[in-house]
Amino acid sequence: MTVLPYLVAVWVLCWGLYGIVTSRHLFHLVLSLGVAQAATYVLLIGVGYKAGAAAPIYADVPSATPVVDPVVQALALVDVVVEATVAALLLALALQTQKRFGTVDPDELHALKG
Amino acid sequence: MTALQVGALVLVAVGAPVVALTRDPLRQALCFGVFGTALAILFFVFQAPDVALSQIVVSAVGLPVIVILGLVKLREEEGEGEEE
Amino acid sequence: MRRSARLGLFGAGAAALATMLVLAIAGLPGFGRYPGPYGDAIEAVGESKTHATDLVTAVNFDFRAYDTLGEEFILFAAVLGIAIVLRDRRGERKRAPGAPGTERGLARPSAALGMVGLALVGPLVVLGIDIAVHGHLTPGGGFQGGLPLGAAVFLAFLAGEYAAMKKVAPHATVELGEAAGAAGYALIGLGGLLFAGVFFQNFIDRGEPGRLLSAGTIPLSNVAVALEVAGAFLLLWNEFSDQALLVVPEGEQGER
């Protein structure tokens, strides 16, 4: 039980990668990439957790309360917003691909190069 | 580890293959929104409310909206491609 | 490479990756046993040094403010990229007046959507501002609060009021707001350099922890980031929807 969050992170990563590899639509690919990114968030937040500790907000608890690690939370927080924007950029490129090559199927894109 | 945390982890673990295996992009966008909400619950239970807020706001609302708008544009493009 | 061969290769690779990761997990401290020095260090000095009660925001905008600058510029660059990729397509499509897609031809949403949407715009703006400005006290901050702000404006569009939205948030203003947010954050860093000798040093008086005007430059950073995130997502959504804000009336095509 003490390693369950890390195992879940590995599981989610593998499923995200599977989605990317077997994708037939570029939008599906981008969302599977999002799933793989979620694995990193789970790992980060899982590593920073302290048993029995509170959230790192001192607004209503005395300053001496043990809290979980705020550094990994800061990393994950900005990560979430920025990677959604990058996913939006990938979607814009997918739209451009539709216009240039007439298809959004990654398998067919490969064939057009030849 | 509390039962709530285990439950949230199981929810996320079930959600990942659901999103990866849904082929239709429109359905997958909505599944991704639900997966994002499950992740937010997980973060909240792991004592990370800031990250949970961020995750709800972006992954459950922002990204599916972009995907759905992109799909509308894609269908327009495909429609035009067929006319030419 | 054929698809089946590719899948086989992926299966082998994924199995190897998963095995290595699981073996690596065996070396991690168990869940809940946090060993690391950094969290404890921040916990010990976080509140006394910054007078902010939300340690995560303090880490983001004070201890690690330089990294947040980099991340914010990733956001800015990504939106710039989307605008460049999608904008050269806009002028090509010549729409007849009144056709679906031009302002006059857009279908009105249902009455329920219109009413509920418009009713929620005000509360969303207030919620966004509240979350963004109170970031140093309670969970929140610029990143979390900026998106409801942008969403409030977009909600007005979804509820059918494109003319009103265009008047309140014309394209140039949104772009200006986003750029102002990004530049504002960098200027705060420069202010630290000018007034305290260190880039991003918290140079404003820190006040009492728990009050709104405390924690030095952190509330200002929150406002700057909220402005940028709101502008960025609004521009994103508009580029993708390619509608009222950006529908180019007959005479202006080609001027962009």
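### Description of the overall build of chain A
Counting secondary structure elements, chain A contains 4 helices and 0 strands. The secondary structure elements of chain A, listed N-terminal to C-terminal, are α-α-α-α. A compact globule built from 114 residues should have a C-alpha radius of gyration of about 13 Å, whereas chain A, at 19 Å, is more than 25% larger. Counting the 114 residues in chain A, one finds 54% classified as buried.

### Here's the deal with the interface of chain A and chain B
Counting residues at the interface gives 42 residues for chain A, matched by 37 residues for chain B. Of all elements in the fold, only α1 (4-21), α2 (26-47) and α3 (70-101) of chain A reach the threshold of two or more residues within the side of chain A that touches chain B. Grouping the amino acids of the side of chain A that touches chain B by side-chain chemistry returns 30 nonpolar, 10 polar and 2 charged.

### Comments concerning the interface of chain A and chain C
Listed as interface residues are 41 residues of chain A and, on the opposing side, 46 residues of chain C. Mapped onto the side of chain A that touches chain C, the elements with two or more residues apiece are α1 and α3 of chain A. Considering every element that reaches the side of chain A that touches chain C, the biggest residue donor is α3 of chain A, with 17 residues. Here the side of chain A that touches chain C is composed, by residue class, of 29 nonpolar, 8 polar and 4 charged.

### Focus on unusual backbone geometry
Not every positive phi belongs to a glycine, and Q47 of chain B is a case in point at roughly 65°. Counting through the fold element by element, Q47 of chain B comes out in the loop between α2 (25-45) and α3 (49-83). We note that F200 of chain C has phi near 65°; this positive angle belongs to a residue other than glycine. Tracing the backbone shows F200 of chain C in the loop between α8 (171-196) and α9 (218-241).

### Notes on the packing of α3 of chain A against helix α3 (residues 55-63) of chain C
The interhelical angle for the contact between α3 of chain A and α3 of chain C, taken along N-to-C directions, is 70°, at an axis separation of 8 Å. Classified by the interaxial angle, the pair formed by α3 of chain A and α3 of chain C is roughly perpendicular. Note on packing geometry: the crossing formed by α3 of chain A with α3 of chain C is right-handed. Where α3 of chain A abuts α3 of chain C, its residues P70, V71, Q73, A74, L77 and V78 of chain A lie against L55, V56, V59 and N60 of chain C. The class makeup of the residues in the contact of α3 of chain A with α3 of chain C is 8 nonpolar, 2 polar and no charged.

### Regarding the confidence of the model for chain A
When pLDDT is averaged along chain A, the result is 87, and 96% of the positions lie at 70 or above. The least confident element of chain A is helix α4 (residues 106-113) of chain A, whose mean pLDDT is 70; the most confident is α1 of chain A, at 93.

### Quick word on the confidence of the model for chain B
Overall, the prediction assigns chain B a mean pLDDT of 88, with 94% of residues at 70 or greater. Complex prediction metrics read pTM 0.86 and ipTM 0.88.

### Examining α2 of chain B
Its 21 residues place the ends of α2 of chain B 30 Å apart at the C-alpha level, agreeing with the 30 Å of an ideal helix rising 1.5 Å per residue. Note on α2 of chain B: the residue one or two positions beyond its end, Q47 of chain B, has a positive phi of about 65°.

Calculation criteria
Residues numbered from 1 in each chain as written. Chains lettered and ligands numbered in written order. Predicted model: local features only at pLDDT ≥ 70, side-chain atom pairs only at ≥ 80, totals over all residues. Helix = DSSP H or I, 4+ residues; strand = E, 2+ residues; numbered from the N terminus. Rg over C-alpha atoms; globule rule 2.2 N^0.38 Å. Buried ≥ 20, exposed ≤ 12 C-beta atoms within 10 Å, placed from the backbone. Contact = placed C-beta atoms within 7 Å. Nonpolar A, V, L, I, M, F, W, Y, C, P; charged D, E, K, R; others polar. Axes fitted to C-alpha atoms, helices over the stretch in contact; angles between N-to-C directions. Parallel < 35°, antiparallel > 145°, perpendicular 65-115°, else oblique. Left-handed = near helix turned anticlockwise from the far one by under 90°. pLDDT = per-residue confidence, 0-100. Expected span 1.5 Å × (residues − 1).

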